[in-house]
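Survey of secondary and tertiary structure
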Amino acid sequence: MNKAAAVLIVLVTLVFLSGCWSQFELPDRGFVMGVALDEGEGGKIELTTQVYRPQPAHGSHELPGSGKGTAGLNIKTSDITVMEAVRDIPIHLGRKAQWSHIRVILIGEQLARKVDMGDLLDFFYRDHEPRITVSLIITKGKAGELLKKQPAIEQTMGQQLLRAKKFAASASGKTMDTTLLRWVLQSLSEHSDSYISYVYEDKQDEDMFSVAGLALFKGGKLSVIMSPKKTEGFVMLRNEYNDGVIQIPCASPSKEMETMEVIRLRTKIKTYIKGDQIKVQVRAQGDGAIGNMKCTQIENEEDEAAFVHKVEERVKLKMLTTIHFLQKNKIDVIGIGNSIYQKHPKQWKKLSSEWDEKFAEIPFSVEVKLRLITGGVLTGKPVTSEP
């Protein structure tokens, strides 16, 4: 093959190669790591967008204005709609916002109480760049203020909040790992009460924050905040309790606590309908390990059974406390209404119009069965006990 023929083949091949119709160079894009939505003045939405700011390589000269300690730059815009506020970001940044790597969407509690979440988040569902798995969190106070904090260990606050929420959900059971996808599935279900992770500033240290508790929604708007302690019981009821610690008080007047780590818990909920009567049965089974002992000695099977029974009663109390809280506020985020709709659609038609009142009156029975699988590397006695 001569040189001219080879060049011709290459040119023909290039004609049929697909190109990128929306090509942007990296310097044209600002990669969004987190965004905060707050109530602005005059009915506007205040948008704080945290954009990743590339840091100079180790040992190189620092770029002018690059800042120290964080790789995030916050841009604040506001408008009547989220999309218009987004389109104003390049005015200040000099780059188009790229949403495909966003870690978290924060929404201020005040805004969440006034606007419908579906309308507020519509842009993030419709636009092709944001991922449906992006984390969703409600903040106590203004969401934009949280993005101003210095990240504890990650490079940006967006990434810090994402990691904190995920591990708080998996290791403590005091919140839930909520996303855009998870929330829209809740809101589009037959009974649309829903929940979103909650974050608040630490009262002891203004530079720290806690991702704990849940924001509960009714009719698309924030209704009530559920505390971290009640959230533990809720996570158990939802059969999503992966790991956590149960505290057992010693006999009075001692104020000391013993602990057991619950390393597996599986919960099943059954709903029984007979005429207009509804009953719910909750059964939970799991395994645990002794965390620390202060006032109990386990020397035989009877001692072990007595200790495990105390833990079972504490787990049961947690779930019942959460149930009473939800019934008092008439918010069925456990999913009882949706379960009835799926299994008894005809009865649901009769119940749905007054479900809030019906849910508040349902009798719940709770049974918990735990198994102690290890007492740790020590014997079944407190470390400081006499031999």
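The following paragraphs examine the structure supplied in this document. Within every chain, residues take consecutive numbers counted from 1 along the sequence as written. Predicted model: local features are reported for residues with pLDDT of at least 70 only, side-chain atom pairs are reported and counted for 80 or more only, and whole-chain, interface and lining totals are derived from all residues. Excluding hydrogens and water, the side-chain values take into account all heavy atoms of the structure.

**Re the overall build of the protein**
Check the secondary structure of the protein and you find 14 helices and 13 strands. A simple rule labels every residue: compare its accessible area, found with a 1.4 Å probe on the protein chains alone, to the largest value its type can have, and call it buried under 20%, exposed over 50%, or partly exposed in between. By the burial criterion, 43% of the 387 residues in the protein qualify as buried. What makes two residues a contact is simply this: any of their non-hydrogen atoms within 4.5 Å. Sequence separation of 24 or more characterises 66% of the internal contacts of the protein that already satisfy a separation of 6 or more. The protein chains shown are the only cover counted for residues, whose accessible areas, like all others here, come from Shrake-Rupley with a 1.4 Å probe. Carbon together with sulfur atoms contributes 52% to the accessible area of the protein, which is approximately 21600 Å² in total. What counts as a helix is a DSSP run of H or I of at least four residues, what counts as a strand is a run of E of at least two, and both are numbered from the N terminus.

**Side note on the side chain of Thr296**
With respect to the helices and strands, Thr296 occurs in the loop between strand E12 (277-292) and helix H11 (301-329). Among the polar contacts made by the side chain of Thr296, one reaches the side chain of Glu258 at a distance of 2.7 Å. In protein, a polar contact requires one atom able to donate a hydrogen and another able to accept it; more generally it is a pair of N or O atoms within 3.5 Å, and residues adjacent in sequence count only if both atoms are side-chain atoms.

**Notes on a nonpolar patch on the surface**
Two joining distances apply to patches: 9 Å for like charges and 5 Å for nonpolar side chains (Val, Leu, Ile, Met, Phe, Trp, Tyr), and every residue must have over 30% relative accessible area and no salt bridge. Any Lys or Arg side-chain nitrogen located within 4 Å of an Asp or Glu carboxyl oxygen qualifies as a salt bridge. Taken together, Ile132, Leu181 and Leu185 make up a surface patch of nonpolar side chains, about 250 Å² in accessible area. Mapped onto the fold, Ile132 is located in the loop between helix H6 (122-126) and strand E6 (135-139).

**Some remarks on the sheet that holds strand E11 (residues 257-274)**
Strands pair, by our definition, only if DSSP identifies at least two bridges between them. Strands sit in the order E10-E11-E12-E13 across an open sheet of four strands; the sheet is mixed. Every other strand in the sheet has two partners, leaving strand E10 (244-249) and strand E13 (364-374) as the edge strands with one partner each. Going from strand to strand, the sheet's axes swing by 40° on average, the running direction of each strand aside. Bridge analysis of E10 against E11 gives six bridges, and the strand direction is antiparallel. By the bridge assignment for E11, Gln247 is matched with Thr259. Note on definitions: angles span 0 to 180 degrees between N-to-C directions of axes, and those axes are lines fitted to C-alpha atoms, for helices only across the stretch in contact.

**Comments concerning the packing of helix H10 (residues 228-237) against H11**
When two helices pack together, their arrangement is given by the angle between the helix axes and the distance between those axes. At their nearest, the axes of H10 and H11 sit 8 Å apart, and the two run at 100° to each other. Considering the angle they form, H10 stands roughly perpendicular to H11. Packed against H10, whose contacting residues are Lys229, Lys230, Glu232, Gly233, Phe234, Met236 and Leu237, the element H11 presents Val315, Lys318, Met319, Thr321, Thr322, Ile323, Phe325 and Leu326 at the interface. Each residue belonging to the contact of H10 with H11 can be placed in one class, and the counts come to eight nonpolar, three polar and four charged. Orientation is classified from the angle alone, with under 35 degrees giving roughly parallel, over 145 giving roughly antiparallel, 65 to 115 giving roughly perpendicular, and any other angle giving oblique. Three categories are distinguished: nonpolar for Ala, Val, Leu, Ile, Met, Phe, Trp, Tyr, Cys and Pro, charged for Asp, Glu, Lys and Arg, and polar for the others, with Gly belonging to the last.

Remember, this is a structural readout, not a statement about activity or role.
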